[in-house]
Amino acid sequence: MENLTMIIDFYEFTMGQTYFDKGEINKVAYFDVFFRKNPFNGGYAISGGLDSIINYIQNFKLTKEDIAYLKSTNCFSDEYLEYLHNLRFNGDIYAVPDGTVVFPNEPIITVKAPIIEAQLIETALLLYFNSNTLYTTASKRIVNAADGKKVMEFGARRARGDISSLEAAKCAFISGCIGTSNTLAAMKYQIPALGTMAHSLVSDSNNEYQAFLNFAKSNPNNCMFLVDTYDTLRSGIPNAIKVANEYLKPNNLEFKGIRIDSGDLAYLSKEARKMLDEAGYFDAKICLSNGLDEKKIKNLIEEKACFDSIGVGDNIAAANDIIGGVYKLCAIEENGIIIPKIKISDSKIKTTNPHYKKVYRFYDKDTGFALGDVIVIYDEEIPEDTYTLINPIDEFRQKALKNYYVRELQLPIFINGNLVYKVPSIYESQKYCEKEFATMYPEIKRMNNPHIYYVDLSKRLLNLKQSLIEEAVRKRKR
């Protein structure tokens, strides 16, 4: 396997040289990975990429070839390059599991490590978090819109590269898709490989009936026919039924169904259902595809389209949005004391939350629904009886909670460079994601104008943030 350690922005190496020259190789720093805005104008995101991050950290090693390249740039001292050649990750990482419902500004991943190590892993952490979280979120929104109908991931040819095609398939399955058309992904992750046929098989044959018959003979256990090459209602479906009558049924083979990939899908699917039922094929399934996204799927359901499954490609593997996750220093450690750090910006949303932090989620004891999240300083405890959530943007907006239970969202992943987290199977992650998603109120999950989920700062953290901002303002005026 190709060593990917050098997925590091060059400026991380040049900053590392500075830390090295200052004698700060053992200086401990704390960084948070978070994002500032939900993708797709939605009410939530679904975390992803932790498995890839774990793999990267476990295999972190700069080879002789890597060091030779860095030396060729004439930017680094021999002593620093020797340090890099022997470097392994020895820090701590805390993160939410893949499939967790997450929201803007809360720490998804927290790194505590010697500052050079923490800086060098930044690029890879953001790469895997941003890409995978986009795929999981896009997939979950589509699965949610499908309202129980099966969703297949068909996006390999639309993905932004080979690795992206694999990760999109993986994330789609975690978010609730039933399988993928990507055979390598199916093999790698041990998930169902799915597919029917393409129009080329039909147009290559002398006629549509012969194409379906040939396919049935070669694929007797996978007879799902693509019926829209010429004319869905007057040719495709009649020919599919004819093959079912003349070949499948006499040979005790199952007519799995049809796929429609163009035209008015709502109208065609309803007419197709009538034709299949009239022919006695009540169990034959209807699959729809063709650039489907969550809005089109919702429209199909509202128009009472008749379908059992959908194939989605572009809008998962090539989802048109960004997560925008960032990696920001929030504290350093000196003589065993954690000193909070803050980045201040003229844009309020870009002013970071300081200090080493934890995130807790409140749940209603009676319904199990999530009530809100609170970000606290690492040593704060949550009372068991009552708690008031305070909006960090508008302190006068508060929400008193009772009859709740809480859980800490982040789990320890690496401690002192050692993996302490039991990486779940992809099937376990899928079940976890489904369970997590079920705790969100429908208003959070709706497509248009979703309710804003409470993510607040503890009073202590809010006061610290305000004091650091005021201190920075005073320094500017000196």
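To start, this report covers the structure provided alongside it. (Residues numbered from 1 in each chain as written. Predicted model: local features only at pLDDT ≥ 70, side-chain atom pairs only at ≥ 80, totals over all residues. Heavy atoms only, no water.)

1. What about the sheet that holds strand 9 (residues 257-260)?
Part 1 of the argument: Taking strand neighbours across the sheet as the criterion, the 6 strands line up as 7-6-11-10-9-8 in an open arrangement whose pairing is parallel. Lying at the two open borders of the sheet, with one neighbouring strand each, are strand 7 (179-180) and strand 8 (224-226).
Part 2 of the argument: In this sheet, strand 7 lies alongside strand 6 (residues 150-153) in parallel orientation, the contact comprising 2 bridges. From the neighbouring strand, Glu153 faces strand 7, where its bridge partner is Thr180. (Pairing = 2+ DSSP bridges. Helix = DSSP H or I, 4+ residues; strand = E, 2+ residues; numbered from the N terminus.)

2. Structural notes on unusual backbone geometry
Part 1 of the argument: With a phi angle near 60°, Lys304 is a residue other than glycine that sits in the positive phi range.
Part 2 of the argument: Inspection of the secondary structure puts Lys304 in the loop between helix 13 (294-302) and strand 11 (309-312).
Part 3 of the argument: With phi around 55°, Asn403 is a residue other than glycine that occupies positive phi space.
Part 4 of the argument: Relative to the elements of secondary structure, Asn403 occurs in the loop between strand 17 (398-402) and strand 18 (404-408).
Part 5 of the argument: With a relative accessible area of 36%, Asn403 lands in the partly exposed category. (Buried < 20%, exposed > 50% of the residue type's maximum accessible area, 1.4 Å probe, protein only.)

3. Examining the nonpolar core
Part 1 of the argument: Counting 82 residues, the largest nonpolar core has Leu84, Ile109, Val111 and Ile121 as the members making the most contacts within it.
Part 2 of the argument: Among the elements that make up this core, the one with the highest residue count is helix 6 (residues 122-146) (7 residues).
Part 3 of the argument: Beyond its immediate chain neighbours, meaning those up to four positions away, Ile109 contacts Phe31, Asp32, Val33, Ile53, Ile93, Tyr94, Ala95, Leu125, Phe129 and Gln410.
Part 4 of the argument: Ranked by size, the runner-up nonpolar core spans 47 residues in total, among them Ala211, Ala240, Leu265 and Ala305. (Core = buried A, V, L, I, M, F, W, Y, C linked by side-chain atoms within 4.5 Å. Contact = heavy atoms within 4.5 Å.)

4. Section: the pattern of salt bridges
Part 1 of the argument: Evaluated as defined, the whole model comprises 16 salt bridges.
Part 2 of the argument: Glu24 is the salt-bridge partner of Lys27, the closest N and O atoms lying 3.7 Å from each other.
Part 3 of the argument: What makes Glu24 buried here is its relative accessible area of 15%. (Salt bridge = Lys/Arg side-chain N within 4 Å of Asp/Glu carboxyl O.)

5. Considering the sheet that holds strand 5 (residues 109-114)
Part 1 of the argument: With respect to topology, 7 strands assemble into an open sheet ordered 13-12-1-5-3-19-20, the strand pairing being antiparallel. Either end of the sheet is taken by a strand with one partner, and the two such strands are strand 13 (337-340) and strand 20 (418-419).
Part 2 of the argument: As judged from the 4 bridges shared by strand 3 (residues 92-95) and strand 5, these two strands associate in the antiparallel manner. The residue of strand 5 that forms the bridge with Ile93 is Val111.
Part 3 of the argument: Across the face of the sheet, helix 2 (residues 50-58) comes into contact with strand 3, strand 5, strand 19 (411-415) and strand 20 while running at roughly 15° to strand 19.
Part 4 of the argument: Against the sheet, helix 6 engages strand 1 (28-34), strand 5 and strand 12 (326-334), with an angle of about 140° to strand 12. (Axes fitted to C-alpha atoms, helices over the stretch in contact; angles between N-to-C directions.)

6. Considering the packing of aromatic side chains
Part 1 of the argument: Scanning the model with the defined rule gives 24 aromatic pairs in all.
Part 2 of the argument: The interplanar angle of 35° and the centroid separation of 6.5 Å between the aromatic rings of Phe35 and Phe129 together place this pair among those described as tilted. One end of the pair, Phe35, is in the loop between strand 1 and strand 2 (45-46); the other, Phe129, is in helix 6, and 94 residues separate them in sequence.
Part 3 of the argument: A relative accessible area of 0% places Phe35 in the buried class.
Part 4 of the argument: We note Lys445 situated over the ring of Phe437; from NZ or CZ to the ring centre the distance is 4.6 Å. (Phe/Tyr/Trp six-rings, centres within 6.5 Å; stacked < 30°, edge-to-face > 60°. Lys NZ or Arg CZ within 6 Å of the ring centre and 35° of its normal.)

7. Some remarks on the packing of helix 1 (residues 10-21) against helix 4 (residues 78-85)
Part 1 of the argument: Their axes nearest at 10 Å, the elements helix 1 and helix 4 cross at an angle of 110°. With respect to their mutual orientation, helix 1 and helix 4 come out roughly perpendicular. Crossing angle aside, the handedness with which helix 1 passes helix 4 is right-handed. Contact with helix 1, carried on its side by Glu12, Phe13, Gly16, Gln17 and Phe20, involves Glu79, Tyr80, Tyr83 and Leu84 of helix 4 and no other residues of that element.
Part 2 of the argument: The class makeup of the residues in the contact of helix 1 with helix 4 is 5 nonpolar, 2 polar and 2 charged. (Parallel < 35°, antiparallel > 145°, perpendicular 65-115°, else oblique. Left-handed = near helix turned anticlockwise from the far one by under 90°. Nonpolar A, V, L, I, M, F, W, Y, C, P; charged D, E, K, R; others polar.)

8. Re the pairing of strand 15 (residues 370-377)
The side chains of a regular strand alternate, residue by residue, between the two faces of the sheet.
Part 1 of the argument: The buried count for strand 15 comes to 8 of 8 residues, which makes it a mostly enclosed element.
Part 2 of the argument: Direction of pairing for strand 14 (residues 357-364) relative to strand 15: antiparallel, over a ladder of 7 bridges. Of the residues in strand 15, the one forming a bridge with Lys357 is Ile377.
Part 3 of the argument: Between strand 14 and the antiparallel strand that follows it, strand 15, lie 5 residues; Gly368 among them carries a positive phi value of about 80°.
Part 4 of the argument: Here strand 15 pairs with strand 21 (residues 455-457) via 3 bridges, running parallel. Bridged to Asp373 within strand 21 is Val455.

In short, geometric facts, not functional conclusions.
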